[in-house]
Amino acid sequence: MKRTRRFATGTMLALAVLASGAAMAREAPTLTVAVVDFTNNSDSVAWWHGGVGSQLADVLSNELSATGDFKVIERQKINAVLAEQDLASSYRMRPGSSPHTGNITGAQYLITGSVASYTEDTSNTGGGLSFAGFHVGGGQAKAYVAIDLRVIDAETSEVVFSRTVEGRSTDKAIRLSGYASGVGGDFGHKQKTPASKAVRAALIEATDYLDCAMVKRDGCEARYEQKEQKRRQGDRDSLDLD
């Protein structure tokens, strides 16, 4: 009887392990993507410089990988692997030590991003406190960024998904101004850069949208379609197209 119980217990454990392994296999990322360096199509982005495009691509790559639904390939590293394989094919490496060709995992989809619009507005909220000839007041800085996303089939070059995502931020600022005992000035301090927070918000929105449209597809598309319609209506209103 004890042997039967031990056998049954062992069988149940084995089945549990197999079921766990099957679940892990099902949950493994099935979509392989690569994020291309971002570009800038806006004339109002003062913070854009040479390395920003690759930095934004890296952030989006990290966010996509963190969802667990994407296998993200670093395109920069693929070039290094190809160079090493080219060296191996030239017979300048010791036999048996060269990497095998044909083992590079290619991306099924390429994701591109372009900054389409950026605005920033700094205003004085008024009020504050005055003492000893100085005034301490408050202000706020608002930032808005729009990023055009495209998902391209790496085999056919067809654009399979496209969407404009938005990011907004509002930051408080402290301002000290005045004159006393021969010392005067106007000093401002912002808690955080509004541009970086707005961009981060847009990239998180981009990640959520891509995860919804490419993986989940559980009805979440309707929410993003509503956001898109609201954004497009806002553009029409600001341009007075009606």
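Caption draft 1: A look at the overall build of the protein. Scanning the protein for helices and strands turns up five helices and seven strands. Beginning at the N terminus, the succession of helices and strands in the protein can be written as α-β-β-α-β-α-β-β-β-β-α-α. Burial analysis of the protein (242 residues in total) assigns 27% to the buried set. Within the protein, counting contacts between residues at least 6 apart in sequence, those at least 24 apart form 67% of the total. Total accessible area on the protein is roughly 15700 Å²; 53% of this is exposed by carbon and sulfur atoms.

Caption draft 2: Here's a closer look at the state of the cysteines. Counted under the stated rule, the structure contains one disulfide. The disulfide partner of Cys 212 is Cys 220, and the gap between their sulfur atoms is 2.0 Å. Handedness of the Cys 212-Cys 220 disulfide follows from its S-S torsion of about 110 degrees: it is right-handed. Take Cys 212 and Cys 220: they sit in the same class, and that class is buried.

Caption draft 3: Looking closely at the packing of helix H2 (residues 52–66) against helix H4 (residues 194–216). Relative to each other, H2 and H4 sit at 45 degrees, their axes nearing to 9 Å. Accordingly, the angle class assigned to the pair H2 and H4 is oblique. Our pair here, H2 against H4, has a crossing hand that is right-handed. Facing H2, whose interface residues are Leu 56, Val 59, Leu 60, Glu 63 and Leu 64, H4 presents Val 199, Arg 200, Leu 203, Ile 204, Ala 206, Thr 207 and Leu 210.

Caption draft 4: Highlighting the confidence of the model for the protein. Considering every residue of the protein, the mean pLDDT works out to 75; 58% of them sit at 70 or more. In the model of the protein, strand E7 (residues 183–190) stands out as the element of lowest mean pLDDT, 43, in contrast to H4, which has the highest, 95. Every residue in residues 13–26 scores below 50 in pLDDT, and together they form zero contacts with partners more than four places removed in sequence or on other chains. Of the regions scoring below 50 in pLDDT, residues 180–191 engages in 25 contacts with residues more than four places distant in sequence or in other chains.

Caption draft 5: Focus on the pattern of salt bridges. For the structure on display, the rule yields eight salt bridges. Note that Glu 228 and Arg 231 form a salt bridge whose closest N and O atoms lie 2.8 Å from each other. In this pair, Glu 228 and Arg 231 both sit in helix H5 (residues 221–239), three residues apart, roughly one turn of the helix. The class of Arg 231 is buried, set by a relative accessible area of 14%. It is possible to trace a salt-bridge network through shared partners that takes in Arg 163, Glu 225, Glu 228 and Arg 231.

Caption draft 6: Summary view of the packing of aromatic side chains. Counting across every chain of the model gives three aromatic pairs. Ring plane angle 90 degrees and centroid distance 5.4 Å describe the contact between Trp 47 and Tyr 118, whose orientation is recorded as edge-to-face. In this pair, Trp 47 is assigned in the loop between strand E2 (39–40) and H2 and Tyr 118 in strand E4 (residues 109–131), connecting sequence segments 71 residues apart. Take Trp 47: its relative accessible area is 24%, and that puts it in the partly exposed class. According to the relative accessible area criterion, Tyr 118 is buried, its value standing at 5%. Between Tyr 209 and Tyr 224, the aromatic rings sit 5.6 Å apart at their centres with planes inclined by 70 degrees, giving edge-to-face as the arrangement.

Rules used throughout
- Residues numbered from 1 in each chain as written.
- Predicted model: local features only at pLDDT ≥ 70, side-chain atom pairs only at ≥ 80, totals over all residues.
- Heavy atoms only, no water.
- Helix = DSSP H or I, 4+ residues; strand = E, 2+ residues; numbered from the N terminus.
- Buried < 20%, exposed > 50% of the residue type's maximum accessible area, 1.4 Å probe, protein only.
- Contact = heavy atoms within 4.5 Å.
- Areas by Shrake-Rupley, 256 points an atom, 1.4 Å probe, with all protein chains shown as cover.
- Disulfide = S-S within 2.5 Å.
- Axes fitted to C-alpha atoms, helices over the stretch in contact; angles between N-to-C directions.
- Parallel < 35°, antiparallel > 145°, perpendicular 65-115°, else oblique.
- Left-handed = near helix turned anticlockwise from the far one by under 90°.
- pLDDT = per-residue confidence, 0-100.
- Salt bridge = Lys/Arg side-chain N within 4 Å of Asp/Glu carboxyl O.
- Phe/Tyr/Trp six-rings, centres within 6.5 Å; stacked < 30°, edge-to-face > 60°.

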